Amino acid sequence: MKHLDWNTLSGQGRAEALVRPAQSVSGETRVAVAQTIAAVRKGGDAALIELTRRLDRCELESLRVSENEFAAAERSLSRELKDAIAEARERIERFHRACAPQAIRVETAPGVVCERLLRPIARVGLYVPAGGAPLPSTALMLGVPASIAGCHEVVLCTPPRADGGCDETVLFVARLCGIRTVLKLGGAQAIAAMAYGSESVPRCDKVFGPGNAWVTEAKVQVAGDPDGPAIDMPAGPSEVLIIADANADPVFVAADLLAQAEHGADSQAILVSPSVDLIDAVTVCVDRLCQRLPRAGIATRSLAHGCLIKVESLQQAINVSNAYAPEHLIIHTLQPRDLLDSVISAGSIFLGAWSPESVGDYCSGTNHVLPTYGAARSWSGLSVASFQKQITVQGLSAAGLRAIGPCAMTIARAEQLEAHALAIGLRLDALENAA
């Protein structure tokens, strides 16, 4: 990892220090994804089965996971794992229910009632990747808020193994979240299937979930099609920024950096601290702990994108973090809550020595589907609201229209929209004549 002193860097040097690994989608990839989407739209299930055979080296007779496969998956898991998943689901549900939007009814003037109604997105598609390793936690993070939102139909796609089965933990989570429609599909073809439908895959109104460059490109392409679905967010490589003071345990800090680095070679881990001694100690600990990891090679390549930044103060560290807008922000200081009000942009924040980012990935209760690549400046993480529509309603009595109608007419005429004013004026005249 690079060692940098923030206060010796030029403006350009500071900007370069916070540059993320390049997300390069080649023209070849764009074309290939577009061809995959077109093939699925034209060929339906037959195209999906052929793409799965060619890309996943898997021969499928049926795309849908059967009831027998769900049952076999549950039987295959240990009681310890099933209990841990159920425990995590309970906390995720508790937090997401507490954060769910509420219907509102407000009288903004006498006789003028405005409301906000909540309606679930009717049919949603969830993508749960299984490339480097299966991700049952992602199935929880997508399935729980979809269930709370009351979506009428939830479709889940996850890649099959070479033997034609899907990861048993993902299937168990799907059943636990009440998801019955699970498809053995991965990659861009899974996104295309949920976006446009096939004989076996229901067409979805919105598509959620992370994935590799092909999945992300497919989401971007279908979302840009007027006939395509909405998407949750374009997802980039995972990232963490840690703010730590001299009181921080360097072993804990090093472990948190590595926990992010092992996600993938394009992940990024950054430490910002006013303590040179801590930075030096963390450097030693990272090298020592990395040797213990099964994914040490991936972590090492990822750490090449990371840096250890020396700053003058914790407030300057917050300024660096706000400029970076991290997906995950860990504040590993003696009084972490004192810095919280200064944080402007972050996907999710972890306070203090006993709050590793790993618990947010799995079971604290918050959602781990978060904005990356600086999107935290304007995007929020996944929530129940992501699976709902908010519809406003207004109802006026005659007295209410008399009270606010002239205001609306004045603004309409300022905008030279006379028909707008006329629609109100005719009603006011009718009320005047009836009086």
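Computed from a prediction, not measured in an experiment: that's the story for all the values here.

Draft legend 1. Geometry of the overall build of the protein chain. When helices and strands are tallied, the protein chain shows 15 helices and 14 strands. Its C-alpha atoms give the protein chain principal-axis dimensions of roughly 85 × 60 × 45 Å. When each of the 435 residues of the protein chain is scored for burial, the buried share is 49%. The average position of the 39 basic charges and that of the 47 acidic charges among the side chains of the protein chain differ by 4 Å.

Draft legend 2. Expanded view of the nonpolar core. Among the nonpolar cores identified, the biggest contains 38 residues, and Val 124, Leu 126, Leu 140, Leu 156, Ile 179, Val 182 and Phe 387 are the most heavily contacted of them. Sorting the residues of this core by element identifies helix H3 (67–76), helix H4 (79–99), strand S4 (123–127), helix H5 (136–149), strand S5 (153–158) and helix H6 (168–176) as the ones contributing at least two each. With eight residues, the top contributor of residues to this core is H5. Listed in part, the 27 residues of the second largest apolar core include Leu 63, Tyr 127, Met 194 and Val 201.

Draft legend 3. Quick peek at the packing of helix H2 (residues 27–55) against helix H8 (residues 213–223). Here H2 crosses H8 at 65°, and the two axes come no closer than 10 Å. Relative to H8, the element H2 lies roughly perpendicular. As for how H2 packs across H8, the hand of that crossing is right-handed. In this structure, H2 contributes Thr 29, Arg 30, Ala 32, Val 33, Ala 34, Thr 36 and Ile 37 to the contact, and H8 contributes Trp 214, Glu 217, Ala 218, Gln 221 and Val 222. The residue makeup of the contact of H2 with H8, split by class, is seven nonpolar, three polar and two charged.

Draft legend 4. Main features of the packing of helix H9 (residues 250–261) against helix H10 (residues 276–290). Closest axis-to-axis distance for the H9/H10 pair is 8 Å, and the angle between their directions is 55°. With respect to each other, H9 and H10 are oriented oblique. Between H9 and H10 the crossing geometry is right-handed. Packed against H9, whose contacting residues are Pro 250, Val 251, Val 253, Ala 254, Ala 255, Leu 257 and Leu 258, the element H10 presents Leu 278, Ala 281, Val 282, Cys 285, Val 286, Arg 288, Leu 289 and Cys 290 at the interface. Partitioned by chemical class, the residues of the contact of H9 with H10 number 14 nonpolar, no polar and one charged.

Draft legend 5. Main features of the sheet that holds strand S8 (residues 230–231). Spatial ordering of the open sheet is given by S6-S5-S4-S7-S8, a layout of five strands whose pairing is parallel. Among the strands making up the open sheet, the edge pair consists of strand S6 (181–184) and S8. In terms of strand pairing, S4 meets strand S7 (residues 206–208) through three bridges, oriented parallel. The partner of Val 124 across the bridge, within S7, is Lys 206. In the packing of H5 onto the sheet, the strands contacted are S4, S5 and S7, and the crossing angle to S4 comes to about 170°.

Draft legend 6. Molecular detail of helix H15 (residues 418–434). Taking 1.5 Å per residue as the helical rise, H15 with its 17 residues ought to reach 24 Å, and the 24 Å between its terminal C-alpha atoms agrees with that figure. Along H15, the positions that sit buried rather than exposed are Ala 421, Ile 424, Gly 425 and Leu 428. The buried side chains of H15 occupy one side of the element, clustering within an arc of 100° when seen end-on. Of the exposed residues in H15, the ones pointing more than 90 degrees away from its buried face are Ala 419, Leu 426, Arg 427, Asn 433 and Ala 434. Looking at the buried positions of H15, the neighbouring elements they touch are helix H14 (398–414).

Draft legend 7. Examining the pattern of salt bridges more closely. The tally for this structure, following the rule as stated, stands at 19 salt bridges. Between Arg 413 and Glu 418 there is a salt bridge; the shortest N-O distance is 3.4 Å. Of the residues examined, Arg 413 reaches a relative accessible area of 46% and is grouped as partly exposed. One salt-bridge network, in which partners are shared between bridges, spans Arg 41, Arg 203, Asp 225 and Asp 227.

Draft legend 8. Geometry of the sheet that holds strand S2 (residues 104–109). Sheet architecture is open: three strands sit in the order S2-S3-S14, paired in antiparallel fashion. Of all strands in the sheet, those with a lone pairing partner are S2 and strand S14 (388–396), marking the two edges. Between one strand axis and the next, the sheet turns by 20° as a mean value, whatever way the strands run. With five bridges joining them, S2 and strand S3 (residues 112–120) adopt antiparallel strand pairing. Within S3, the position partnered with Val 106 by the bridge is Cys 114. Contacts between H14 and the sheet are confined to S2, S3 and S14, with S14 contributing the most and set at about 95° to the helix.

Draft legend 9. Representation of the pairing of S4 within the structure. Most of S4 is tucked away, with four of its five residues classed as buried. Direction of pairing for S4 relative to S5: parallel, over a ladder of five bridges. Directly across from Arg 123, in S5, lies its bridge partner Glu 153.

Quick notes on the rules
Residues numbered from 1 in each chain as written. Predicted model: local features only at pLDDT ≥ 70, side-chain atom pairs only at ≥ 80, totals over all residues. Heavy atoms only, no water. Helix = DSSP H or I, 4+ residues; strand = E, 2+ residues; numbered from the N terminus. Buried < 20%, exposed > 50% of the residue type's maximum accessible area, 1.4 Å probe, protein only. Lys, Arg positive; Asp, Glu negative; His and termini not counted. Charge placed at Lys NZ, Arg CZ, Asp CG, Glu CD. Core = buried A, V, L, I, M, F, W, Y, C linked by side-chain atoms within 4.5 Å. Axes fitted to C-alpha atoms, helices over the stretch in contact; angles between N-to-C directions. Parallel < 35°, antiparallel > 145°, perpendicular 65-115°, else oblique. Left-handed = near helix turned anticlockwise from the far one by under 90°. Contact = heavy atoms within 4.5 Å. Nonpolar A, V, L, I, M, F, W, Y, C, P; charged D, E, K, R; others polar. Pairing = 2+ DSSP bridges. Expected span 1.5 Å × (residues − 1). Arc of directions from axis to C-beta. Salt bridge = Lys/Arg side-chain N within 4 Å of Asp/Glu carboxyl O.

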